[in-house]
Amino acid sequence: MIDGKIKYIDLFAGIGGFRYSFDKAGFKCVFSSEINEACQKVYNDNYGDIPAGDITRIHAEDIPDFDVLCGGFPCQPFSICGKKKGFEDTRGTLFFEICRIIEKKQPLVVVLENVKHLLDHDNGNTFKIIIEKLHNLGYKTSFKVLNSKDYGVPQSRERIIIVATKYGKFNFLDMQKSKSVYIKDILDEEGEFEILDKNEYTLLEDKYVKQQPSGLIFCGYRNKNIWKKGIRPNTEYLSRVHRQPNRIYSSNGIHPTLPSQETSGRFWIYIPEQDIVRKLTIKECYKLMGFPEDFKIDSNKGNAYKQCGNSVVIPMMFELAKSIMQQAFDNGGEYGHFGNDLSELPLFHAI
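Draft legend 1. Quick peek at helix 6 (residues 301-310). Among the residues of helix 6, Ala 304, Tyr 305, Gln 307, Cys 308 and Gly 309 are the ones counted as buried. Packed against the buried residues of helix 6 are helix 2 (37-47), strand 11 (276-279) and helix 5 (282-288). Its side-chain oxygen 2.9 Å from the backbone nitrogen of Gly 302, Asn 300 forms the N-cap of helix 6.

Here's what the structure looks like:
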């Protein structure tokens with residue numbers, strides 16, 4: 001290892017999912033940016049650092065030198081839960097703000113995260129533009145859809161990860177996966193639980209309850225009609241709000257993706273051992289994202305649920321950060337140019 005720590009910046013920082021992961025892997029954050037004031041406060045509460053605001057108003061020359069750029073740029077323009085307007089949405093154009101900073105600062109590594117639907121948006125043209133832009137800036141890119149369930153959290157959450165490097169290509173196969181865990185493994189034993197009465201839900205017959213390839217076990221639904229017109233028979237219980245079904249999942253499986261649009265935390269699970277259906281607590285939702293027990297969350301529950309759903313999954317990003325450290329910065333790296341002595345690589349800013 002090189003003495004000192006590798007510098008990185010944290011753009012579209014949210015509540016600091018990237019920050020926690022890369023700090024834990026031995027990197028040093030020298031700059032962060034987040035426009036939302038509620039997120040800024042949570043970030044400061046946990047890291048003692050208030051992120052700079054609107055990225056469009058930040059001059060690249062005012063950012064300290066760094067080696068790695070991390071950016072979970074806004075996913076709503078490309079998400080299946082949003083309107084999928086892509087670069088037509090002003091948030092979609094924020095990718096080009098990242099490019100502006102890359103062009104000026106020329107970091108060794110760029111790490112970008114987004115929803116997997118970015119790959120298919122506009123028949124693949126949006127993703128093609130992103131890769132071509134990074135190529136024109138002098139970077140070789142690797143990308144892969146990763147699922148958080150493979151990294152020690154009981155949530156099926158697929159995200160596209162792009163790693164762009166100045167030398168060689170990043171190898172995702174170096175990332176270490178974890179053994180499977182399930183919802184029951186992260187549940188609190190005590191707390192103020194919101195439990196449904198028996199007449200508020202219907203459980204499926206055992207013959208219809210099967211574990212899906214994703215690991216989810218759909219086992220019932222709340223007896224709540226939300227949509228009246230134009231629905232198929234026997235689907236009255238499915239909510240059309242944010243396109244998320246009004247479903248109940250067994251704690252013996254894993255949980256579907258936590259969306260940022262769900263600010264009431266309506267995530268219901270069935271616990272067979274107790275024969276109850278209850279809502280996941282806000283604390284348990286943060287566990288599904290891999291946040292530590294002592295992480296300080298927003299006092300406003302609506303904000304806290306939204307911030308949780310907008311974050312990156314920490315164990316997955318930690319494994320990514322470890323692999324980047326090994327491949328790009330350790331003298332013992334195995335892949336391509338990353339295995340060479342770092343004296344040959346410019347723009348190394350160790351602390």
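Picking up after the structure, the text goes on.
Draft legend 2. View of the packing of helix 3 (residues 95-105) against helix 4 (residues 125-136). At their nearest, the axes of helix 3 and helix 4 sit 11 Å apart, and the two run at 10 degrees to each other. When the interaxial angle is binned, helix 3 and helix 4 end up roughly parallel. Side by side, helix 3 and helix 4 meet where Phe 95, Phe 96, Cys 99 and Ile 102 of the first sit next to Ile 129, Ile 130, Lys 133 and Leu 134 of the second. Its residues assigned to classes, the contact of helix 3 with helix 4 comprises seven nonpolar, no polar and one charged.

Draft legend 3. Local environment of the sheet that holds strand 11. In space, the five strands of this open sheet follow the order 7-8-9-10-11, with mixed pairing throughout. Here the strands that pair on one side only, and so sit at the sheet edges, are strand 7 (201-203) and strand 11. Sheet twist, expressed as the average angle between the axes of neighbouring strands with direction ignored, equals 30 degrees. Note that strand 9 (residues 247-250) and strand 10 (residues 268-271) share three bridges and pair parallel. Within strand 10, the residue paired with Ile 248 across the bridge is Trp 268.

Criteria and cut-off values
Residues numbered from 1 in each chain as written. Predicted model: local features only at pLDDT ≥ 70, side-chain atom pairs only at ≥ 80, totals over all residues. Heavy atoms only, no water. Buried < 20%, exposed > 50% of the residue type's maximum accessible area, 1.4 Å probe, protein only. Helix = DSSP H or I, 4+ residues; strand = E, 2+ residues; numbered from the N terminus. Contact = heavy atoms within 4.5 Å. Polar contact = N/O pair within 3.5 Å; in protein donor to acceptor, adjacent residues only side chain to side chain. Axes fitted to C-alpha atoms, helices over the stretch in contact; angles between N-to-C directions. Parallel < 35°, antiparallel > 145°, perpendicular 65-115°, else oblique. Nonpolar A, V, L, I, M, F, W, Y, C, P; charged D, E, K, R; others polar. Pairing = 2+ DSSP bridges.

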